[in-house]
Amino acid sequence: MREAFVVLVSAISIVLGAAGAVGAQSASDVNGNLDTLFGDHAPYAAFFDKLKKAVGAGDKETVASMVDYPFQARINDKAVKIRDRKHFVADYDQIVTGKVKAALARQTYATLFANWQGVMIGDGEVWFNGVCGDDACKQQTVRITAIND
């Protein structure tokens, strides 16, 4: 009976290990997904790298330049409309909290999640996506669209 249990546990471990390996993605997989969703992965990859470095360095001005305004944030459990870069920088430490910084520090490009809504960092702490630059939406710029603490 004990031997049958050991065999069963071993079989389950092998199946789960294989399932985990299948679920893993590479940077190439992320590139392909972003290409399919948004037409080109390069602006998203560059944006992610720039954002990660700026937040890691505490560069509030650079992070503020990467946001789509007006921007909705939660500060002291209240919804606040952040109108512009100046307002974002003034409230930076209440928007880009320790939880948000930790999510960015842990995130790797190869583990980014993306869908039609954009690209997600962590468990949804940060979302970014292409934002239309004109009425016809012929030009898009990648911007932060949400920060959730």
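Residues numbered from 1 in each chain as written. Predicted model: local features only at pLDDT ≥ 70, side-chain atom pairs only at ≥ 80, totals over all residues. Heavy atoms only, no water.

Q: Explain the overall build of the chain to me, using residue names and the numbers behind them.
A: Helix and strand counts for the chain come out as seven helices and six strands. If you list the helices and strands of the chain from N to C, you get α-α-α-α-β-β-α-α-α-β-β-β-β. Across the 149 residues of the chain, 34% fall into the buried class. Considering only contacts within the chain whose residues lie at least 6 apart along the sequence, 45% involve residues at least 24 apart. Carbon and sulfur atoms make up 55% of the accessible area of the chain, which amounts to about 9200 Å² in all. (Helix = DSSP H or I, 4+ residues; strand = E, 2+ residues; numbered from the N terminus. Buried < 20%, exposed > 50% of the residue type's maximum accessible area, 1.4 Å probe, protein only. Contact = heavy atoms within 4.5 Å. Areas by Shrake-Rupley, 256 points an atom, 1.4 Å probe, with all protein chains shown as cover.)

Q: I'd love a proper account of the packing of aromatic side chains, names of residues and values included.
A: All chains considered together, the criterion is met by eight aromatic pairs. Ring geometry for Phe47 versus Phe128: centroids 4.9 Å apart, planes at 35 degrees, classification tilted. One end of the pair, Phe47, is in helix 3 (residues 42–57); the other, Phe128, is in strand 5 (residues 126–132), and 81 residues separate them in sequence. The residues Phe47 and Phe128 share a single accessibility class, namely buried. Between Tyr69 and Phe88, the aromatic rings sit 6.5 Å apart at their centres with planes inclined by 80 degrees, giving edge-to-face as the arrangement. One end of the pair, Tyr69, is in the loop between helix 4 (60–64) and strand 1 (71–75); the other, Phe88, is in helix 5 (residues 85–90), with 19 residues separating them in the sequence. For Tyr69, a relative accessible area of 22% gives the class partly exposed. Judged by relative accessible area, Phe88 falls into the buried class, the value being 0%. Grouping aromatic residues by their ring pairs yields a cluster made of Phe38, Tyr44, Phe47 and Phe128. (Phe/Tyr/Trp six-rings, centres within 6.5 Å; stacked < 30°, edge-to-face > 60°.)

Q: Give a description of the sheet that holds strand 5 that names residues and reports values.
A: Pairing is antiparallel in the open sheet, where four strands are placed in the order 3-4-5-6. Whereas interior strands pair on both sides, the edge strands pair on one side only; in this sheet they are strand 3 (113–115) and strand 6 (140–147). When the angles between neighbouring strand axes are averaged without regard to direction, this sheet yields 25 degrees. Relative to strand 5, strand 4 (residues 118–121) runs antiparallel, the two sharing three bridges. Considered in strand 5, the bridge of Val119 is made with Phe128. (Pairing = 2+ DSSP bridges. Axes fitted to C-alpha atoms, helices over the stretch in contact; angles between N-to-C directions.)

Q: I'd like to hear about the environment of Ile82, residue by residue, with values.
A: Summarising the element assignment, Ile82 is placed in strand 2 (residues 78–82). Judged by its relative accessible area of 0%, Ile82 is buried. Note: C-alpha distance between Ile82 and Pro70 (12 residues apart in sequence) is 5.6 Å. Residues within four places of Ile82 in sequence aside, it is in contact with Tyr69, Pro70, Phe71, Ala73, Ile75, His87, Phe88, Asp91 and Ile95.

Q: Mind laying out helix 7 (residues 98–106), listing which residues take part and the relevant values?
A: Restricting attention to buried positions, one finds in helix 7 the residues Val100, Ala103 and Leu104. Here the buried residues of helix 7 occupy an arc of 95 degrees about the axis, which is enough to place them on one side. For helix 7, the exposed residues set more than 90 degrees away from the buried face come down to Gly98, Ala105 and Arg106. (Arc of directions from axis to C-beta.)

Q: Go over the state of the cysteines with me, naming the residues and quoting the values.
A: Scanning the model with the defined rule gives one disulfide in all. What pairs with Cys132 in a disulfide is Cys137, and their sulfur atoms sit 1.8 Å apart. The disulfide joining Cys132 to Cys137 has a torsion of about -70 degrees about its S-S bond and is therefore left-handed. By relative accessible area, which is 40% here, Cys132 ends up partly exposed. Look at Cys137 and you get partly exposed, because its relative accessible area is 28%. (Disulfide = S-S within 2.5 Å.)

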